[in-house]
Amino acid sequence: MSPRFTRRNLLAMATAAFVSKLSGQQAPLFVEVPPSESGITWMHENAMSPARHMPESLGPGAAFFDFDNDGWMDLYLVNSGPSDFYSPSKPLRNALYRNNRDGSFTDVTGKAGVAGAFFGMGAATADTTNNGLQDLLVTGYREMRFYRNNGDGTFRDATREAGLSPDKANCPWSTSAVFFDYDNDGYLDLFLCNYVEFVPGKTTCGDNKLGRNFYCTPRVFNPLQCVLMRNNGNGTFTNVTKGTEIETALAKSLGVVATDINNDGLLDLWVANDTSPNFLFANRGDGKWEEIALPAEVAYSMNGQPRSGMGVDSIDFDGDGFMDLMVTNIDQEMYALYRNRGDESFDDVAHANEIAQTTRQMSGWGLKFADFDHDGYPDLFIANGHPDDMV
């Protein structure tokens, strides 16, 4: 089966409007719904300042999940907030919107107790106790929140009792996160991406002649380690990073997806790193991990350069029974689509599928494989933007 990605069905737009141009289909698959109809009026505040602090250039995250078990997907949106470099002029909050089952949503943030009050980055959801209720994790700069679902439309802050407080989880700047069962014990564990070592005022970038700052490249910051938290099966997590190759693989991580690359029944981790080599952590069982991105040929570009990895996803796009990988990068670097050879190595086939050419001038953040038009083939949506207002 040949790959199905062409310029006709890969439209990655910064406006986040996916329009299908598959043969014989003229109408768009999606129609933008205005806030007056959807009820979603919340807006993100990026905290932009003349100092151009690095966290301002990232975020926000979002998550669809059915928090009230009514069979309809609800929506959680992450905002910035108070930090050691930012004091909002007005209170900021995250937002939880309940699905009204008629194409509209109702803001239930206050009742649910998930407003948050810190500089958030992303969100991940999972049933962490196997009680049938979806819990909520919010990552961020200097803080992280874990909300336990009470089952009555409300949540409680269980960050410390779950063992996910800063002193336990060691996440000075958490970005993406994924819940997955790495040890096959029936409980969802947690992998957390960390970004860079940022101290306000310590590292500044700008044009002295013009007297203005701009956002620094991540290359000038020190990397951090990612974190693996094992689910103890009793509502708590234990940091099991120490002694693994996850501990020693320092980088600037922005995206992660759990996937089984070698069909051994163990979930591996594909991690996008910004201006440093990507990671591919192969799960060898018994708590052992091997970082194989370099021999697997997914660490660098084809010319041996690290790229600015941001979003990742994994799917068997060519139907050969092996999970493939994708990562988005900044403009001029092009995105990578890695076809699994079946021996823990990959070929970058982005050029062959017109993805590289299409994305040369784009800066990709989140992405998602899904069969949007129900033709049996996975399509691809990419959200694009740019971190630099002076580009």
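Residues numbered from 1 in each chain as written. Predicted model: local features only at pLDDT ≥ 70, side-chain atom pairs only at ≥ 80, totals over all residues. Heavy atoms only, no water.

Enquirer: Even after reading the chapter, I still don't get the overall build of the protein chain, so can you show me in this structure?
Expert: Regarding its fold elements, the protein chain presents 6 helices and 26 strands. Whereas a compact globule of 391 residues would reach a radius of gyration of roughly 21 Å, the protein chain reaches 21 Å, a difference of no more than 12%. Along the longest, intermediate and shortest principal axes, the C-alpha atoms of the protein chain span 60 × 50 × 50 Å. Classification of the 391 residues of the protein chain by burial places 50% in the buried group. Look at the contacts in the protein chain between residues 6 or more apart in sequence, and 54% of them connect residues 24 or more apart. Counting every atom, the protein chain has about 17,300 Å² of accessible surface; 50% of that belongs to carbon and sulfur. Of the charged side chains in the protein chain, 30 are positive and 52 negative; the average position of the first set lies 6 Å away from that of the second. (Helix = DSSP H or I, 4+ residues; strand = E, 2+ residues; numbered from the N terminus. Rg over C-alpha atoms; globule rule 2.2 N^0.38 Å. Buried < 20%, exposed > 50% of the residue type's maximum accessible area, 1.4 Å probe, protein only. Contact = heavy atoms within 4.5 Å. Areas by Shrake-Rupley, 256 points an atom, 1.4 Å probe, with all protein chains shown as cover. Lys, Arg positive; Asp, Glu negative; His and termini not counted. Charge placed at Lys NZ, Arg CZ, Asp CG, Glu CD.)

Enquirer: In this structure, what is going on with unusual backbone geometry? I would like to understand it.
Expert: Where the residue is not glycine, phi is negative for most of them; where a peptide bond is considered, it is trans in most cases. With a phi angle near 55°, Asn184 is a residue other than glycine that sits in the positive phi range. Counting through the fold element by element, Asn184 comes out in the loop between β9 (174–180) and β10 (189–194). The class for Asn184 is partly exposed, based on a relative accessible area of 46%. In the Ramachandran plot, Thr275 falls in the positive-phi region, its phi being about 65° despite a non-glycine side chain. With respect to the element layout, Thr275 can be found in the loop between β18 (268–273) and β19 (279–285).

Enquirer: Explain the confidence of the model for the protein chain to me, please; I cannot follow it from the model alone.
Expert: Detailed reading of the predicted coordinates is not advisable wherever pLDDT is low. Chain-level pLDDT for the protein chain is 91 on average; 93% of the residues reach the 70-or-more range. In the predicted structure, residues 1–23 sits below a pLDDT of 50 and forms 50 contacts with residues beyond four places in sequence or in another chain. (pLDDT = per-residue confidence, 0-100.)

Enquirer: I keep staring at the pairing of strand β2 (residues 74–77) and nothing clicks. Help me out?
Expert: Looking along a regular strand, one sees the side chains alternate between the two faces of the sheet. Here β2 shows a buried face lined by Asp74 and Tyr76 and a second buried face lined by Leu75 and Leu77. Across 4 bridges, the pairing between strand β1 (residues 62–65) and β2 is antiparallel. Within the sheet, the bridge partner assigned to Ala63 lies in β2 and is Tyr76. Relative to strand β3 (residues 95–99), β2 is paired through 3 bridges, and the arrangement is antiparallel. Residue Leu75 lies in a different strand from β3, and its bridge partner there is Tyr97. (Pairing = 2+ DSSP bridges.)

Enquirer: What is the right way to look at the packing of aromatic side chains in this model?
Expert: To describe a pair of aromatic rings, you give the distance between the ring centres and the angle between the ring planes. Under the definition given, this model contains 21 aromatic pairs. The interplanar angle of 50° and the centroid separation of 5.2 Å between the aromatic rings of Phe279 and Phe281 together place this pair among those described as tilted. With respect to burial, Phe279 and Phe281 carry one shared label: buried. Taken together, the ring pairs in this structure connect Phe85, Tyr86, Phe119, Tyr141, Trp173, Tyr195, Phe198 and Phe221 into an aromatic cluster. (Phe/Tyr/Trp six-rings, centres within 6.5 Å; stacked < 30°, edge-to-face > 60°.)

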